[in-house]
Amino acid sequence: MSAARLVVRFVVLAFAVVLFMAPAALAGQAAQAAPPQAGYRPEIGQAGKDVVWVPSAPALVEKMLDLAKVTAQDYLIDLGSGDGPIVIAAARRGATALGIEYNPEMVELSKQNAKAAGVAEKATFMKADIFESDFSQATVITMFLLPQLNLKLRPKLLDLKPGTRIVSNTFTMDDWLPDDTVRAGDACETWCLALLWIIPAKVQGTWKLPQGELNLTQQFQVITGTLAGARGALSVENGKMTGTEIAFTVDGARFRGTVNGDTMTGTREPVDGRSEPWSATRVK
């Protein structure tokens, strides 16, 4: 083969490699290299790293924050924050809020929007990959991602501090059912469902109570099991975790309490008679 043909084949092969490189990687390189354009305005449906950009309806943004009961004591992180509406709305409620966004032009636009809204001190934005970011300090997480991205994030979310609130625009967490949902009103035409999850404390295992031995199995916020005591093994029914709050029924008596690591304390309400305190310690 001639030297000229070798050169041609090398050029063609090199072009093919570039052409079939991951689009996200190319987009990321381009985004890092190109400075934000003056007067930049995003277009609905424009491609991003993981999803196309579709803004959340203002009515739904407020419903999402209402559902999470966002207050000035919260630290909210929005995953894939776009041009910043959720972060800015949270800051208007007094919360400290951070938007994580991969597109640097969106980040700069968000900063401008926060400044125009007068909340730049409370609303900040950073250019980062949500899958490589640390959001463990958040009390509220918001997102408008596809179901498969929610699933990819799910293990990391479940390891957050119990009581952390997760709110998604429209998309679910597969078999992890939401704790609550709400729809926006007539002012919202598309993507109008907000879903809430509250990160549950991890209680699976064996606990020692004065009434016997409590064996719990946990599937997200749902708990089942048995209480083994003088009357044999009685079923745990209607068991649920809401953050650090636990509630379940055994033989008609309703147990309610708070989980703190390897201890639980609360009140037991018998079918007949006065409520009484109860406590439990995890033994394994």
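Read on for a plain summary of the structure.

When helices and strands are tallied, the protein chain shows six helices and 15 strands. Here the protein chain holds 284 residues, and 43% of them are scored as buried. In the protein chain, of all internal contacts separated by at least 6 residues, the share reaching a separation of at least 24 is 51%. About 15400 Å² of surface is accessible on the protein chain, with carbon and sulfur atoms providing 56% of the total.

This part is about helix α4 (residues 85-92). Buried residues dominate α4, accounting for six of its eight residues. Where α4 is buried, its residues contact α3 (58-67), β1 (75-79), β2 (96-101), α5 (104-116), β3 (123-127) and β4 (140-143). Backbone geometry just downstream of α4 places Gly 94 in the positive-phi region, at approximately 95°.

What follows covers the pattern of salt bridges. A full pass over the atoms with the stated rule returns 12 salt bridges. Asp 74 is the partner of Arg 165 in a salt bridge, and the nearest nitrogen-oxygen pair spans 2.8 Å. On the criterion of sequence distance, the pair formed by Arg 165 in strand β5 (residues 165-169) and Asp 74 in the loop between α3 and β1 is long-range, its members being 91 residues apart. Of the two residues, Arg 165 and Asp 74, neither departs from the other in class, the shared state being buried. Taken together, the shared-partner salt bridges connect Lys 49, Asp 50 and Asp 129 into one network.

Cut-off values and rules
Residues numbered from 1 in each chain as written. Predicted model: local features only at pLDDT ≥ 70, side-chain atom pairs only at ≥ 80, totals over all residues. Heavy atoms only, no water. Helix = DSSP H or I, 4+ residues; strand = E, 2+ residues; numbered from the N terminus. Buried < 20%, exposed > 50% of the residue type's maximum accessible area, 1.4 Å probe, protein only. Contact = heavy atoms within 4.5 Å. Areas by Shrake-Rupley, 256 points an atom, 1.4 Å probe, with all protein chains shown as cover. Salt bridge = Lys/Arg side-chain N within 4 Å of Asp/Glu carboxyl O.

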